[in-house]
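Topology and contacts: notes
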Amino acid sequence: MANNKEKRLLADMHIHSEGSFDGTYSINKIIGIANKNNVHTIAITDHNNFSAIKDFCVENGLPLLGCYHNINGINLIPGVEITCVMPQILNNVGYKTKFHLLVYGARLDNYSPLVKLLDLKHNNDELVDYGLLKLISSQNNFNVTTSSIKEYVIQKRGEQSGFGRFGAKSVIEFLKYNNISLAKSERELLKVLKNAPTMERLELDMEDVIKLAHASGGICILAHPKKNLERTNQKSQAIKQMLEWGIDGFEILDNSMNQETFELIMKGCKSFKPKSKLLFTGGSDMHFESPELTVGKTYNYPITLASQQSFIDEIIRLDKARQIGILAVRNHPKPAEEIVETILRKYNQTEKDLEDKYFSAQIKFNKVDDFYESVEENGYVKPEDYDTLE
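Quick summary incoming for the structure in this document. For clarity, every value in this text was computed on a predicted model and none was experimentally measured.

1. Brief notes about the overall build of the protein
- For the protein, the helix and strand inventory stands at 14 helices and eight strands.
- About 18,200 Å² of surface is accessible on the protein, with carbon and sulfur atoms providing 49% of the total.

Right under this line is the structure:
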């Protein structure tokens with residue numbers, strides 16, 4: 001482990017913990033890796049939720065309004081990676097393009113507009129991933145607890161990295177694991193589940209996310225731009241639109257950046273406003289450690305502290321303002337309260353409509369009580385059947 005007095009030369013602004021559906025490590029373990037690697041500052045940026053970093057702050061007595069903490073020798077920035085769309089920018093198959101937006105330093109208390117939005121998003125994501133279990137349990141008088149789902153997911157992740165969404169095969173395995181029978185044969189069960197309704201994903205417009213992030217004191221950075229922009233032929237238009245909406249910068253040190261994308265971003269920034277007003281970050285996007293990828297290092301190069309210092313200085317400035325009761329918003333007017341409330345009402349209603357539609361569906365099984373014991377020969381599904389019926 002690095003000596004705390006030793007000069008730390010690395011930083012990492014994009015790390016996933018076990019709070020992400022495809023994450024692996026606790027935040028404490030990530031801090032341990034950062035110490036081992038002589039890293040100065042890290043940011044935890046789980047997918048679409050603050051649950052892990054918020055719990056960590058509460059457990060360690062760190063203020064939820066703070067955005068720059070020091071713990072066990074490491075400087076820690078709370079963040080999140082949010083999946084959103086740009087309806088005005090079409091992807092390569094003619095649909096609105098999906099982007100990943102990193103938000104840093106937003107307040108994490110229950111008054112935060114971004115926390116309220118992501119609570120809706122996280123609930124919807126869980127229904128997309130696990131909703132089939134909850135739907136059939138609500139209609140067949142058995143209880144599926146969140147803890148039992150998490151126990152199964154943890155077990156599956158040990159076998160399959162990144163496991164998250166329950167397809168028909170996973171539902172059947174979960175029911176077996178919990179000794180629950182619902183149909184006269186496994187083949188019928190799979191057929192019914194295959195034709196079951198699908199929970200629709202709650203889509204967040206990037207413009208709305210940026211407004212709520214700024215209303216919560218956050219800084220918005222486009223994650224891994226090459227991977228995001230390669231989904232569309234409207235790359236320059238997308239960059240211009242983000243800048244007009246008030247994006248704060250771009251992640252330019254990552255695992256996929258190339259010269260063409262870098263030059264495209266620089267050209268867009270130069271034509272819109274002075275580059276000095278924008279922030280540029282770097283991150284490993286680590287979900288688990290490997291010989292090629294670790295905290296403070298992408299596949300191609302280390303992420304130096306010097307390259308991240310301007311961003312870190314801005315975070316420190318915002319944190320100092322909060323210590324004296326000011327929720328500063330950089331370079332942008334804070335969105336009016338009525339705009340924030342209108343956006344939240346829209347997503348509350350959309351999420352409710354999606355949930356009501358999903359749980360109104362009926363799933364019927366020809367059930368016997370001793371299904372797994374009394375099933376007739378050929379009633380079980382062959383492994384190859386899953387490929388065609390998933």
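Let's pick the thread back up.
2. Re the pattern of salt bridges
- One pass over the full model with this rule turns up 11 salt bridges.
- The salt bridge partner of Asp 125 is Lys 121, with a shortest N-O separation of 3.3 Å. Here Asp 125 pairs with Lys 121, and both are found in helix α3 (residues 113–139), just four residues apart, close to one helical turn.
- Given a relative accessible area of 3%, Lys 121 falls into the buried group.

3. Some words on the pairing of strand β2 (residues 39–47)
- Extensive coverage of β2 is indicated by the burial of eight of its nine residues.
- In this sheet, β2 lies alongside strand β1 (residues 10–15) in parallel orientation, the contact comprising four bridges. Bridge assignment links Ala 11 to a residue of β2, and that residue is Thr 41.
- You can see the chain leave β1, run along helix α1 (residues 27–36) and come back into β2, and the turn it takes is right-handed.
- Pairing of β2 with strand β4 (residues 74–90) involves seven bridges; the strand directions are parallel. Bridge pairing links Ile 42 to Leu 76 in β4.

4. A short note on the packing of aromatic side chains
- All told, the structure shown has seven aromatic pairs when counted by the stated rule.
- Centre to centre, the rings of Tyr 130 and Phe 166 are 5.4 Å apart; their planes meet at 80°, and the pair counts as edge-to-face. Residue Tyr 130 is located in helix α3, and its partner Phe 166 is located in the loop between α4 (146–159) and α5 (168–177); the two are separated by 36 residues in the primary sequence.
- Owing to a relative accessible area of 12%, Tyr 130 belongs among the buried residues under this scheme.
- Judged by its relative accessible area of 5%, Phe 166 falls in the buried class.

5. Overview of helix α9 (residues 235–245)
- Buried within α9 we find Ala 238, Ile 239, Gln 241, Met 242, Leu 243 and Trp 245.
- Gly 246, located one to two residues past α9, shows a positive phi value of around 100°.

6. Brief notes about the nonpolar core
- Ile 42, Leu 114, Phe 166, Leu 175, Met 206 and Phe 250 are the most contacted members of the largest nonpolar core, which totals 97 residues.
- With 12 residues, α3 is the largest single contributor of residues to this core.
- Sequence-distant contacts of Phe 166, that is, excluding residues within four places in its chain, are made with Asp 129, Tyr 130, Leu 133, Ile 149, Tyr 152, Val 153, Val 171 and Phe 174.
- Counting 19 residues, the second-largest nonpolar core is a separate cluster that includes Met 13, Tyr 104, Ile 315 and Ala 321.

7. A closer look at the environment of Asp 109
- Assignment of secondary structure puts Asp 109 in the loop between β5 (96–104) and α3.
- In this structure the C-alpha to C-alpha distance between Asp 109 and Ser 216, which are 107 residues apart in sequence, comes to 9.6 Å.
- With residues up to four places along the chain from it excluded, the contact list for Asp 109 reads Lys 54, Leu 64, Leu 65 and Val 115.
- A polar atom in the side chain of Asp 109 sits 2.6 Å from the side chain of Arg 107.

8. What to know about the layout of surface pockets
- In this structure, the largest pocket occupies an estimated 1,200 Å³ of space.
- Forming the walls of the largest pocket are 42 residues, and the residues nearest its centre are Gly 19, Ser 20, Phe 21, Asn 49 and His 122.
- Those elements giving two or more residues to the lining of the largest pocket turn out to be α1, α2 (51–59), β4, β5, α3 and α4.
- In terms of residues, the lining of the largest pocket owes the most to one element, α3, which gives six residues.
- Tallied by class, the residues present in the lining of the largest pocket amount to 12 nonpolar, 15 polar and 15 charged.

9. A look at α5
- For α5, the full list of buried residues reads Ala 168, Ser 170, Val 171, Ile 172, Phe 174 and Leu 175.
- One or two residues past the end of α5 sits Asn 179, with phi positive at roughly 55°.

10. Regarding the packing of α3 against helix α12 (residues 337–359)
- Contact geometry of α3 with α12 gives a least axis separation of 10 Å together with a crossing angle of 5°. Taken together, α3 and α12 sit at an angle that is classed as roughly parallel.
- Its residues assigned to classes, the contact of α3 with α12 shows 12 nonpolar, six polar and four charged.

11. Here we look at the environment of Asn 70
- Mapping Asn 70 onto the fold places it in strand β3 (residues 69–71).
- Taking the C-alpha atoms as reference points, Asn 70 and Thr 41, 29 residues apart in sequence, are found 8.8 Å from one another.
- A distance of 2.9 Å separates polar atoms of two side chains, one belonging to Asn 70 and the other to Asn 75.

12. Here's the deal with the packing of α3 against α5
- With their axes 9 Å apart at the nearest point, α3 and α5 run at an angle of 55° to one another. With respect to each other, α3 and α5 are oriented oblique. Remark: the crossing between α3 and α5 carries right-handed chirality. Side by side, α3 and α5 meet where Leu 132, Leu 133 and Ile 136 of the first sit next to Val 171, Phe 174 and Leu 175 of the second.
- In the contact of α3 with α5, the residues fall into six nonpolar, no polar and no charged.

Here is what the cut-offs are and how they apply
- Residues numbered from 1 in each chain as written.
- Predicted model: local features only at pLDDT ≥ 70, side-chain atom pairs only at ≥ 80, totals over all residues.
- Heavy atoms only, no water.
- Helix = DSSP H or I, 4+ residues; strand = E, 2+ residues; numbered from the N terminus.
- Areas by Shrake-Rupley, 256 points an atom, 1.4 Å probe, with all protein chains shown as cover.
- Salt bridge = Lys/Arg side-chain N within 4 Å of Asp/Glu carboxyl O.
- Buried < 20%, exposed > 50% of the residue type's maximum accessible area, 1.4 Å probe, protein only.
- Pairing = 2+ DSSP bridges.
- Right-handed = clockwise from strand over helix to strand, strands pointing away.
- Phe/Tyr/Trp six-rings, centres within 6.5 Å; stacked < 30°, edge-to-face > 60°.
- Core = buried A, V, L, I, M, F, W, Y, C linked by side-chain atoms within 4.5 Å.
- Contact = heavy atoms within 4.5 Å.
- Polar contact = N/O pair within 3.5 Å; in protein donor to acceptor, adjacent residues only side chain to side chain.
- 1 Å grid on protein atoms, 1.4 Å probe; cavity = no way out; pocket = protein on both sides within 12 Å on 5 of 7 lines; lining within 4 Å.
- Points joined across faces, edges and corners; volume = space filled by probe spheres on them.
- Nonpolar A, V, L, I, M, F, W, Y, C, P; charged D, E, K, R; others polar.
- Axes fitted to C-alpha atoms, helices over the stretch in contact; angles between N-to-C directions.
- Parallel < 35°, antiparallel > 145°, perpendicular 65-115°, else oblique.
- Left-handed = near helix turned anticlockwise from the far one by under 90°.

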